[in-house]
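Below are the chains, spelled out letter by letter.
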Amino acid sequence: MGSQREFHLQQRKGRRVILFPLPLQGHINPMLQLASILYNKGFSISIIHTNFNSLNSSNYPHFSFHSIPDGLSQSEASFADIVSLLSLLNVKCAAPFQDCLAKLLSNIVEGESIACLITDAGWYFTQAVAQSLKIPRLVLRTNSVSFFLVFAAFPLLREKGYMPAEGCEPDAPVPELPPLRVKDIPVFETRIPETLHQVVLGMTNQTKVSSGCIWNSFQDLEQISLATLHKEFPIPMFPVGPLHKYFPASSSSLLSQDQSSIPWLDKQPPKSVIYVSFGSIAAINETELLEIAWGLANCRLPFLWVVRPGLVRGAEWIEPLPKGFLEMLDGRGHIVKWAPQQEVLAHPATGVFWTHNGWNSTLESICEAVPMICQPCFGDQMVNARYVSHVWKVGLHLERKLERGEIEKAIRTVMLEAEGQEMRERIVYLKEKVDLCLKQGGSSYQSLENLINYILSF
Ligand code: UDP
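Residues numbered from 1 in each chain as written. Predicted model: local features only at pLDDT ≥ 70, side-chain atom pairs only at ≥ 80, totals over all residues. Heavy atoms only, no water.

Engineer: I'd love a proper account of the overall build of the protein chain, names of residues and values included.
Structural biologist: Check the secondary structure of the protein chain and you find 18 helices and 13 strands. Taken over C-alpha atoms, the radius of gyration comes to 22 Å for the protein chain, in line with the 23 Å a tight globule of 458 residues would show. Based on the C-alpha atoms only, the size of the protein chain along its principal axes is roughly 65 × 55 × 40 Å. In the protein chain, which comprises 458 residues, the share counted as buried stands at 57%. For the protein chain, the share of sequence-separated contacts (at least 6 apart) that also reach a separation of at least 24 residues comes to 71%. Taken as a whole, the protein chain presents about 19100 Å² of accessible surface, with 53% of it coming from carbon and sulfur. Averaging the locations of the 39 positively and 43 negatively charged side chains of the protein chain gives two centres separated by 4 Å. (Helix = DSSP H or I, 4+ residues; strand = E, 2+ residues; numbered from the N terminus. Rg over C-alpha atoms; globule rule 2.2 N^0.38 Å. Buried < 20%, exposed > 50% of the residue type's maximum accessible area, 1.4 Å probe, protein only. Contact = heavy atoms within 4.5 Å. Areas by Shrake-Rupley, 256 points an atom, 1.4 Å probe, with all protein chains shown as cover. Lys, Arg positive; Asp, Glu negative; His and termini not counted. Charge placed at Lys NZ, Arg CZ, Asp CG, Glu CD.)

Below, the structure written as structure tokens:
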């Protein structure tokens, strides 16, 4: 076995892969996990990244990092309008990226060759650059396959009057896209709606003509969506996930993780804690913050709550909470700015994850068999929440108003009632599927082998 691995590493020596992550936390983590996997398989790694949300290269001394100017002003580099941000990045990074890639291609070290470029699907301008420089481009999709199907159907949804869905009954099914209802259709707040459709077309069309698509997902979870998508996108597909099972996300965290979370969890009984986090972009208002706080306080169970600076619109951090709120709970609640999420989910004390259903968070929860309370805020999170609650049935969708009574009821259902116990059993079963797919002969293991052989064939 050992000598076979040596042989493969030798064979791959001298092949370099260039990766270009989108500068958002939920996109950076899987791309750097993929980079680490490829490095371990013997490839040399170059990472091109923007100044905006610049990466901490010191955590990856074995990669070479190349920073490009993104030209964003301070107001442009804001998460308030993620669609405009994406569109701007695709315009402003085009020339600096082309220069950087051309330089890397012309300054090849002797005995080395560049195999391919792997970019986030969000960098749709890069397909034209890759073609002009004659280098194959693979795409990494960091969302679910099921969401991409919906994303690719945006033009149809628009034509049929679902976008915007004014006048449609929110609970009505969308027959074109089961199991979605009208209210599950992704919403993206953006100043200029037309920009969204340009971004969607850019991402879908430039993925379709790429050399292949890598998915942070696995066959058993999204088999039907993968098969449907492959018909529309007849390019090589590599569902190799969940990527964080190979390498943790902590080394690519943009915010520093508050390590006090783990000793605090150590003091709590098994499966007793509600872990609450809405990821790196979603925002809430002050009223919602207060309803969450009282919902958590009233259910009388321990909670670990991530309130990221910037989570509450118009507030620095948790100053809108009533004075003495945490003290009143007598140690039952712990609030941090950013947590070591994977470790928190893997901790025996964690009982439920109240999540915005970003795709990484959803996968991380599945991998640790922690049932979810779904609180999608925008975009793909709405589709993920629908799959979690109605297809995989491993979570409860908080669909009504964010109100303390509803919150308390949802937490009690998942933590204390038979319905929650059934979700727990189903998610344990899904976790077993994850463990199997990563083992030799499993679907993700095989997809990764296929991907490596494919890259070596360039
Ligand atoms: N995360 C973390 N600490 C936190 C909250 C989140 O390390 O307190 C990580 C989480 O493990 C995940 C990523 O940040 O890998 C968030 O990605 P996701 O796709 O769930 O959501 P997004 O931030 O893109 O909305």
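Picking up after the structure, the text goes on.
Engineer: Can you tell me about a negative patch on the surface, naming the residues and giving the values?
Structural biologist: Taken together, Glu417, Glu419, Glu422 and Glu425 make up a surface patch of like negative charges. Looking at the secondary structure, you find glutamate 417 in the loop between helix 16 (404-416) and helix 17 (418-438). Judged by its relative accessible area of 42%, glutamate 417 is partly exposed. (Patch = residues over 30% accessible without salt bridge, like charges linked within 9 Å, V, L, I, M, F, W, Y side chains within 5 Å. Salt bridge = Lys/Arg side-chain N within 4 Å of Asp/Glu carboxyl O.)

Engineer: Describe the sheet that holds strand 1 (residues 15-20), and please don't skip the residues or the numbers.
Structural biologist: Across the sheet, which stays open at both edges, the seven strands sit in the order 3-2-1-4-5-6-7 with parallel pairing between neighbours. Single-partner strands in this sheet number two, and they are strand 3 (64-68) and strand 7 (237-239). Each strand axis lies, on average, 20° off the axis of its neighbour in the sheet, ignoring direction. Relative to strand 4 (residues 113-120), strand 1 runs parallel, the two being bridged by six bridges. Paired with isoleucine 18 across the bridge in strand 4 is leucine 117. (Pairing = 2+ DSSP bridges. Axes fitted to C-alpha atoms, helices over the stretch in contact; angles between N-to-C directions.)

Engineer: Can you break down the environment of serine 280 residue by residue, with the values?
Structural biologist: Residue placement: serine 280 occurs in the loop between strand 8 (273-277) and helix 11 (286-298). Sequence-wise, serine 280 and arginine 404 are 124 residues apart; in three dimensions their C-alpha atoms are separated by 23 Å.

Engineer: Describe the packing of helix 14 (residues 359-367) against helix 17, naming the residues involved and giving the relevant values.
Structural biologist: Look at helix 14 against helix 17: their axes get within 8 Å of each other, and the N-to-C directions meet at 95°. Between helix 14 and helix 17, the angle falls in the class roughly perpendicular. Across the interface between the two elements, Ser365, Ile366 and Cys367 of helix 14 pack against Ile427, Leu430, Lys431 and Val434 of helix 17. Of the residues assigned to the contact of helix 14 with helix 17, the class counts are five nonpolar, one polar and one charged. (Parallel < 35°, antiparallel > 145°, perpendicular 65-115°, else oblique. Nonpolar A, V, L, I, M, F, W, Y, C, P; charged D, E, K, R; others polar.)

Engineer: Describe the packing of aromatic side chains, and please don't skip the residues or the numbers.
Structural biologist: Taken as a whole and judged by the stated rule, the model has 23 aromatic pairs. Measuring from ring centre to ring centre gives 5.9 Å for phenylalanine 278 and tryptophan 354, while their planes differ by 75°; the resulting arrangement is edge-to-face. Of the two residues, phenylalanine 278 is situated in the loop between strand 8 and helix 11 and tryptophan 354 in strand 11 (residues 350-355); the sequence distance between them amounts to 76 residues. Taken as a pair, phenylalanine 278 and tryptophan 354 share a single burial class, namely buried. Ring-pair connections join several aromatic residues into one group, and the members of that group are Phe147, Phe148, Phe151, Phe154, Phe188, Trp215, Phe233 and Phe378. (Phe/Tyr/Trp six-rings, centres within 6.5 Å; stacked < 30°, edge-to-face > 60°.)

Engineer: Got a sec to walk through the pattern of salt bridges? Specific residues and values, please.
Structural biologist: All told, the structure shown has 15 salt bridges when counted by the stated rule. Ionic pairing is found between arginine 16 and glutamate 112, a salt bridge with its closest N-O pair at 2.7 Å. One end of the pair, arginine 16, is in strand 1; the other, glutamate 112, is in the loop between helix 4 (94-106) and strand 4, and 96 residues separate them in sequence. Looking at arginine 16, the relative accessible area reads 16%, which means it is buried.

Engineer: An account of the site of the ligand is needed here, citing residue identities and associated values.
Structural biologist: Residues in contact with the ligand amount to 18 residues; listed here are only the nearest, Ser280, Ala339, Asn360, Ser361 and Glu364. Here glutamine 341 contributes a side-chain N or O atom positioned 3.4 Å from an oxygen atom of the ligand. Contacts to the ligand include histidine 356, whose side-chain N or O atom sits 2.9 Å from an oxygen atom. Isolated, the ligand exposes 540 Å² of accessible area, and the fraction of that covered by the protein chains is 95%. Put simply, the parts of the chain that give the shell around the ligand at least two residues each are helix 2 (25-40), strand 8 and helix 14. The greatest single-element share of the shell around the ligand, amounting to four residues, is contributed by helix 14. When the residues that make up the shell around the ligand are grouped by side-chain class, the tally is five nonpolar, twelve polar and one charged. (Near = heavy atom within 4 Å. Polar contact = N/O pair within 3.5 Å; in protein donor to acceptor, adjacent residues only side chain to side chain.)

Engineer: Kindly report on the nonpolar core, identifying the contributing residues and their values.
Structural biologist: Phe97, Phe154 and Leu157 are the most contacted members of the largest nonpolar core, which has 92 residues in total. Looking at which element gives the most residues to this core, the answer is helix 6 (residues 145-152), with six residues. (Core = buried A, V, L, I, M, F, W, Y, C linked by side-chain atoms within 4.5 Å.)

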